[in-house]
Amino acid sequence: MSDRTLQAIKFSKENVTLDILDQLQLPYSTVFIPIKSIQDAFDAIKSMQVRGAPAIAIVGAFAITVDTFNNLKAGISKSVSELLQSIDYLVTSRPTAVNLSNACEEIKSLINEKFELQLIVDQEVYEVLFEYSVALHEDDLANNYKIGSNGLNYIIETLRAQQFTGPFSIMTVCNTGSLATSGHGTALGIIRTVHEQLSKLKTKESFWFETAYPLETRPYNQGAKLTTYELQYENIPFTMICDNMVTSLISTLRKGEKVKDVCAPVKFIIAGADRVVKNGDSANKIGTFQLAAIANYFNTTSASEKEHIKFIIAAPNTTIDRQTPCGDQIVIEERPSNELTTLKGPVLTSDGSVGEKMTVGVATPGIQVWNPAFDVAPHQLIDCIVTEERAIEKINNEFTL
Ligand SMILES: CSC[C@H]1O[C@H](OP(=O)(O)O)[C@H](O)[C@@H]1O
């Protein structure tokens, strides 16, 4: 893995080409695949070769641009209504994350507004698509740095108010870094910024960031394959745990016992989001609700506020769905059973080289399983929602988004 790259999306403005990092092959192989059409994007998003709410939207927007460019270059005439229908099709690739549908609705509004009476897609339509998709990509990166900064400030203010001293750790779930966005990330972006500013050698405070605890995040293993890859790449200290080790880790550290020679209590659990609705209920990777409930349990049984764990959702405004009142109305994607009953990956030979890909069984063949890709953390269990604008806390236990 010498040519490691953490850029999930490569768009050439000059050649109008789109390539995505095949995340099904990470961390063992770095393979970029071309996306030349809306169908290519649908397939890549559906199969999770690219995943992560913001990344899905950015790839979708770029794919619409590239698809249109390639048709014009090939002299293939497409009607505006055909283009709008293919955009609606693209949105069906993964229903829970709102970013893709938000971006596609904005693109459709632009087309209807600027080309209301036009029948055929032309160069002017393409140029509008190009401008929108490039701006979406660039804005996402800028927003992620702002999320990182707002998250850092919230963490500092929280620890100061608690008069906390010493090392602390941050737990996170799934992958919300450069591989899920245009770069830096959301929840993992806050961890990156905290590591940059609050590590022991750099902090000016009486506390410092010691380590991260990324969860494996079954069944797709975004944590084990992607978040650890990002953290290792940037030498951010971490110890990976399985999803069923959360309470044991927190209670072990809370007792002052060491985990892998380190004792830094978990003070923050930071998750990303696929859809934050108007009341603050947040859909995110399956297992996130449990984390919020666990934080709440430890807070209600803690000896003092110094022990409290803040549960944070980090998400750009492109992930907020103000049209949906509460989390019960969020459609939760259910994925194929074989993602739960099998594992796919390369054979790792004894000398560490990467061999042929294979699929191994990890469950009894032919059994019935349930594989929802997301769950919804209720706003009552969320302490703060960090966006690029600000760290939003509840007033009278209610969010105002
Ligand atoms: C900033 S990524 C947001 C969100 O997307 C991930 O889901 P998936 O890997 O299935 O696309 C995960 O829920 C992240 O928190």
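- Looking at an unreviewed UniProt entry, one finds the chain named Methylthioribose-1-phosphate isomerase and attributed to Australozyma saopauloensis.
- Regarding the chain, the UniProt comment filed under Sequence similarities (unreviewed entry) reads as follows: "Belongs to the eIF-2B alpha/beta/delta subunits family. MtnA subfamily."
- Its UniProt record gives the chain a comment under Pathway (unreviewed entry), which states: "Amino-acid biosynthesis; L-methionine biosynthesis via salvage pathway; L-methionine from S-methyl-5-thio-alpha-D-ribose 1-phosphate: step 1/6."

### As for the pattern of salt bridges
Turning to step 1, where the next piece is worked out: Following the criterion strictly, the structure yields eleven salt bridges and no others.
Turning to step 2, where the next piece is worked out: In this structure, Arg160 and Glu205 form a salt bridge, with 2.6 Å as the shortest nitrogen-oxygen distance. Of the two residues, Arg160 sits in helix α5 (residues 123-161) while Glu205 sits in the loop between α6 (187-198) and β5 (207-214), which places them 45 residues apart along the sequence.
Turning to step 3, where the next piece is worked out: In this structure, Asp321 engages Arg275 in a salt bridge whose closest nitrogen and oxygen atoms are separated by 2.8 Å. With Asp321 in strand β10 (residues 320-321) and Arg275 in strand β7 (residues 275-277), this pair connects stretches of sequence that are 46 residues apart. Arg275 matches Asp321 in its accessibility class, with the two residues each being buried.

### Observations regarding the UniProt feature "site: Transition state stabilizer" (unreviewed entry) in the chain
Turning to step 1, where the next piece is worked out: In this numbering, the UniProt entry assigns the feature "site: Transition state stabilizer" (unreviewed entry) to Cys174.
Turning to step 2, where the next piece is worked out: Structurally, Cys174 is set in the loop between β4 (166-172) and α6.
Turning to step 3, where the next piece is worked out: By relative accessible area, which is 6% here, Cys174 ends up buried.
Turning to step 4, where the next piece is worked out: Leaving out residues up to four positions away in the same chain, Cys174 has contacts with Arg51, Leu215, Thr217, Gln222, Gly223, Thr227 and Lys285.

### Some points on the UniProt feature "active site" (unreviewed entry) in the chain
Turning to step 1, where the next piece is worked out: In the numbering used here, UniProt assigns the feature "active site" (unreviewed entry) to Asp274.
Turning to step 2, where the next piece is worked out: Checked against the element boundaries, Asp274 lands in the loop between β6 (266-271) and β7.
Turning to step 3, where the next piece is worked out: Non-local contacts of Asp274, meaning those with residues more than four positions away in its chain, are made with Ala53, Thr96, Ala97, Val98, Asn99, Ala283, Asn284, Lys285, Thr319 and Phe374.

### A look at the packing of helix α1 (residues 38-46) against helix α2 (residues 53-73)
To characterise two packed helices, one gives the angle between the axes of the helices and the distance between these axes.
Turning to step 1, where the next piece is worked out: Following both chains from N to C, one finds α1 and α2 inclined at 160 degrees, their axes separated by 8 Å at the closest point. Relative to α2, the element α1 lies roughly antiparallel. Where α1 crosses over α2, the handedness of that crossing is right-handed. Across the interface between the two elements, Ile38, Ala41 and Ile45 from α1 touch Ile56, Val59, Ala63, Ile64 and Asp67 from α2.
Turning to step 2, where the next piece is worked out: For the contact of α1 with α2, the per-class residue count stands at seven nonpolar, no polar and one charged.

### Quick word on unusual backbone geometry
One can expect most non-glycine residues to show negative phi and most peptide bonds to be in trans.
Turning to step 1, where the next piece is worked out: Residue Leu26 is joined to Pro27 through a cis peptide bond whose omega torsion reads 0 degrees.
Turning to step 2, where the next piece is worked out: Tracing the sequence through the fold places Pro27 in the loop between β2 (17-21) and β3 (32-35).
Turning to step 3, where the next piece is worked out: Look at the link from Arg218 to Pro219: it is a cis peptide, with omega at 0 degrees.
Turning to step 4, where the next piece is worked out: At Thr217, a residue that is not glycine, the phi angle is positive and equals roughly 65 degrees.
Turning to step 5, where the next piece is worked out: Positionally, Thr217 belongs in the loop between β5 and α7 (222-233).
Turning to step 6, where the next piece is worked out: Here Thr217 falls in the buried class, since its relative accessible area comes to 1%.
Turning to step 7, where the next piece is worked out: If you check the backbone angles, Asp261 has positive phi at about 70 degrees while not being a glycine.
Turning to step 8, where the next piece is worked out: Structurally, Asp261 can be placed in the loop between α8 (246-254) and β6.
Turning to step 9, where the next piece is worked out: The exposed category is assigned to Asp261, whose relative accessible area is 69%.

### Points about the packing of α6 against α7
Turning to step 1, where the next piece is worked out: Taken N-terminus to C-terminus, the directions of α6 and α7 make an angle of 20 degrees; their axes are 12 Å apart at the nearest point. In terms of axis orientation, α6 runs roughly parallel to α7. Here α6 runs over α7; the crossing is right-handed. On α7, the residues that touch Leu188, Ile191 and Arg192 of α6 are Thr227, Glu230 and Leu231.

About the criteria used
Residues numbered from 1 in each chain as written. Predicted model: local features only at pLDDT ≥ 70, side-chain atom pairs only at ≥ 80, totals over all residues. Heavy atoms only, no water. UniProt positions renumbered as here; feature names shortened; annotations may be inferred. Salt bridge = Lys/Arg side-chain N within 4 Å of Asp/Glu carboxyl O. Helix = DSSP H or I, 4+ residues; strand = E, 2+ residues; numbered from the N terminus. Buried < 20%, exposed > 50% of the residue type's maximum accessible area, 1.4 Å probe, protein only. Contact = heavy atoms within 4.5 Å. Axes fitted to C-alpha atoms, helices over the stretch in contact; angles between N-to-C directions. Parallel < 35°, antiparallel > 145°, perpendicular 65-115°, else oblique. Left-handed = near helix turned anticlockwise from the far one by under 90°. Nonpolar A, V, L, I, M, F, W, Y, C, P; charged D, E, K, R; others polar.

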